[in-house]
Amino acid sequence: MQHPGKRRAGRTRGFTKLHYALIVPMLSLFALTLGVSWTLSIMNSRNAMRATALQLAEEIGAHAAERVTDFLARPLAVGEAVAAWAPLQRGAAGDGAAMDRLGASLRAMLALFPEINLVSVGFSDGEYVESQRLADGTLRVGRAGALSAGALELWESDAQGNRTELARSIPAYDPRKRPWYQRAVAAGRTAWSEPYALVSDGSFAIAASVPVRSGGEFVGVATVDLALDGLGGLIGGVGGGVDGCVAIADDAGFLLAVTDGSPTLRGSGDSAERILAVDSPSTLVADLARACAIAADEPSARGVSRFESGASGYLGSCAEIETAGSVWTILVALSETSFMAPLELADRQNLILLAFALVGVVASAWAVADRFVGPILLFSATAAKLVPGETGAAAAVEGLARRPDEIGSLASSFVDLERRLEESFASLNRSLEEKEVLLREVHHRVKNNLQVISSILSIQASELDDERARESFAVCQDRIQTMAYVHEDLYQSGSFADISMDSYLGRILEGLQATVGVTGQAALDLVPGE
């Protein structure tokens, strides 16, 4: 039958202090290592993702700037071309046929560039001619001046640009009072106008205004208009589906186009007011503009990285383009959530895996600790059973002695220790027995010697005639008897540290009574001392 201790060897129940001492430091080290590595991993992954997102924002801004630059280059080129040959085609003042031919040429030019909405020329004497693209894609021509009594006449036209049917007449139209004309005159060079409402249909556009000169003298302004809706549509697809927005602001900080659907103007018609980017109804656009610091009082501040808008984080960048003497800014904001959501999902998945790993580590740590704690507790219990004269206590750890590790070596040493202790106990018992025999012999000899001395004194006293000498011998005999009593009490009690005084003194009194021949009873009161 196997010893009960052997079945428990290596296994314990409950959480002991040894478990705590072994498992808690191991788990603490694991948790610390895991926490530091996971924190560094999260920080590095998010920093890398932010850097990638910022790079993407910069690339989107650069791509949008390239598209806008290309988009604006054609109207400027068309405006320069129109300003070059418009004085040649106009002819003399009041030549209606020449103005019709100029209108047909403008219509033909407009047909070649579908992104352009209107091409026109306004002369310094108030004459005006245009060709406009309607929302349905059809082209019409218009003129104003002396031949139309100052009204702007808008005509349907055929493919050759000939007027076919009057569609609308707008009285009192003077091109010299229009924003695009005044912008070119004020700049003295090609310039982009501020957004304004077209008289023909009320839609908002910006115009590339080019001064027209003949013989070096200023004679008018050629303008090429782009609809603001077209400019917004141009930048609407550069984000590649990433959540965020793209906006364009001019060098004064006013919005020209946005992709989130927020307005760039307040009001309608000629009374419409422009909106600063920092005052945009769109919180995102306003926060982006502030982050880029493109307000009118900080026109030179550019560049942005991460910024907050509402309760969300965004990554933004700014790109500048120069066109016709103006500097426009392309603002790009990308939602941080679009980039961080996959990382957060991965973090949650990693957290679940780490939880399983932690459970595995706890189980492994418990198994490892139990492999050492069980034997140690068994050693402790076995050591408590080591009693002199009893054998077999080390049988509980004999099974551990077969282990090839340090526990096995310790168990073997423990078994050897019990054997050596039993041998030492046996040797001590034999030595003790020998000393007890010798001590009994010593006691016996002392008793005999005291008896011999007392007998010799008694014989010697009987031969004395002097009464005082016999009394002295008797006193010596009493003292020897008293010493014999002490020796006898010590021998019989087995203790050499103290004697029982009541028994000792009682025997002395009995001896005195027998010696002097006194009969009766004697009272003896003992008072314990300190």
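All values reported here derive from a predicted model rather than from experimental measurement.

**Q** Tell me what's going on with the overall build of the protein, and back it up with residues and numbers.
**A** Per the secondary structure count, the protein includes 10 helices and 16 strands. Among the 530 residues that make up the protein, the fraction classed as buried is 38%. For the protein, long-range pairs separated by at least 24 residues make up 52% of all intrachain contacts whose partners lie at least 6 apart in sequence. Element-wise, carbon and sulfur atoms account for 57% of the exposed surface of the protein, whose accessible area totals about 29000 Å².

**Q** Just give me the short version of the sheet that holds strand β16 (residues 326–335), but keep the residues and values in it.
**A** Read across the sheet, five strands follow the order β11-β10-β16-β15-β14 without closing on themselves; strand pairing throughout is antiparallel. Single-partner strands in this sheet number two, and they are β11 (255–258) and β14 (306–309). Averaged over all pairs of adjacent strands, the angle between their axes in this sheet comes to 30°, without regard to strand direction. Note: strand β10 (residues 244–249) against β11, three bridges, orientation antiparallel. Note that in β11 the partner of Ala249 across the bridge is Leu255. Across the sheet, helix α5 (residues 228–236) is in contact with β10, β11 and β16; its angle to β11 comes to roughly 50°.

**Q** Kindly report on the nonpolar core, identifying the contributing residues and their values.
**A** Core analysis: the largest hydrophobic core is formed by 53 residues, its most contacted members being Val68, Trp192, Leu231, Ile248, Trp328 and Ile330. Broken down by element, this core gets its largest block of residues, 13 residues, from helix α2 (residues 17–90). Val285, Cys292, Phe307 and Ala333 belong to the second-largest nonpolar core, a separate cluster that totals 17 residues.

**Q** Can you lay out the packing of aromatic side chains for me, pointing to particular residues and giving the numbers?
**A** Scanning all chains against the criterion turns up six aromatic pairs. Relative to Tyr173, the ring of Tyr128 has its centre 5.0 Å away and its plane inclined at 55°; by these criteria the two rings are tilted. Taken together, the residues span a long stretch of sequence, with Tyr128 in strand β2 (residues 128–133) and Tyr173 in the loop between β5 (163–170) and α4 (179–187) at a distance of 45 residues. Residue Tyr128 is classed as buried on the basis of its relative accessible area, which comes to 2%. For Tyr173, a relative accessible area of 10% corresponds to the buried category. Both rings, one in Phe307 and one in Tyr314, keep their centres 5.9 Å apart while their planes meet at 20°; by these two values the pair is stacked. Among the residues examined, Phe307 registers a relative accessible area of 7% and is labelled buried. We classify Tyr314 as buried; its relative accessible area is 13%. Following the ring pairs from residue to residue traces out a cluster consisting of Tyr128, Tyr173, Trp180, Tyr181 and Phe218.

**Q** Any chance you could break down the pairing of β10 for me, citing the residues and the numbers?
**A** Summarising burial for β10: five of the six residues are buried, a large majority. Of the pairings in the sheet, the one linking β10 to β16 comprises six bridges and is antiparallel in character. What sits directly across from Ala247, in β16, is Leu331. Between β10 and β11, which pair antiparallel one after the other, the connecting turn spans five residues, and Gly253 there sits at a positive phi close to 90°.

**Q** I'd like a description of α5, backed by residues and values.
**A** Along an α-helix, residues three or four positions apart point the same way, because every turn accommodates 3.6 residues. Here α5 has its buried residues at Leu228, Leu231, Gly232, Leu234 and Ile235. Down the axis of α5, the smallest arc covering the buried residues is 155°, so these residues share one side. Exposed positions of α5 whose direction lies more than 90 degrees from the buried face are Asp229 and Gly233.

**Q** Tell me what's going on with the packing of helix α7 (residues 336–384) against helix α8 (residues 406–462), and back it up with residues and numbers.
**A** Between two packed helices, both the angle of their axes relative to each other and the distance between the axes serve to describe the pair. Contact pair α7 / α8: the axes reach a minimum separation of 11 Å and the direction vectors enclose 10°. By the angle between their axes, α7 is roughly parallel relative to α8. In this structure, α7 uses Phe372, Pro375, Phe379, Thr382 and Ala383 to contact α8, whose residues at the interface are Ile407, Leu410, Ala411 and Phe414. Residue composition of the contact of α7 with α8, by class: eight nonpolar, one polar and no charged.

**Q** Which residues make up the confidence of the model for the protein, and what values do they have?
**A** Mean pLDDT over the protein stands at 80; residues scoring 70 or higher make up 85%. Of all helices and strands in the protein, the one with the weakest mean pLDDT is helix α1 (residues 4–8) (42), whereas strand β1 (residues 118–123) scores best (93). Long-range and interchain partners of residues 1–11, a stretch whose pLDDT sits below 50, account for 17 contacts in this model, where long-range means more than four residues apart.

What counts, and where the lines are drawn
- Residues numbered from 1 in each chain as written.
- Predicted model: local features only at pLDDT ≥ 70, side-chain atom pairs only at ≥ 80, totals over all residues.
- Heavy atoms only, no water.
- Helix = DSSP H or I, 4+ residues; strand = E, 2+ residues; numbered from the N terminus.
- Buried < 20%, exposed > 50% of the residue type's maximum accessible area, 1.4 Å probe, protein only.
- Contact = heavy atoms within 4.5 Å.
- Areas by Shrake-Rupley, 256 points an atom, 1.4 Å probe, with all protein chains shown as cover.
- Pairing = 2+ DSSP bridges.
- Axes fitted to C-alpha atoms, helices over the stretch in contact; angles between N-to-C directions.
- Core = buried A, V, L, I, M, F, W, Y, C linked by side-chain atoms within 4.5 Å.
- Phe/Tyr/Trp six-rings, centres within 6.5 Å; stacked < 30°, edge-to-face > 60°.
- Arc of directions from axis to C-beta.
- Parallel < 35°, antiparallel > 145°, perpendicular 65-115°, else oblique.
- Nonpolar A, V, L, I, M, F, W, Y, C, P; charged D, E, K, R; others polar.
- pLDDT = per-residue confidence, 0-100.

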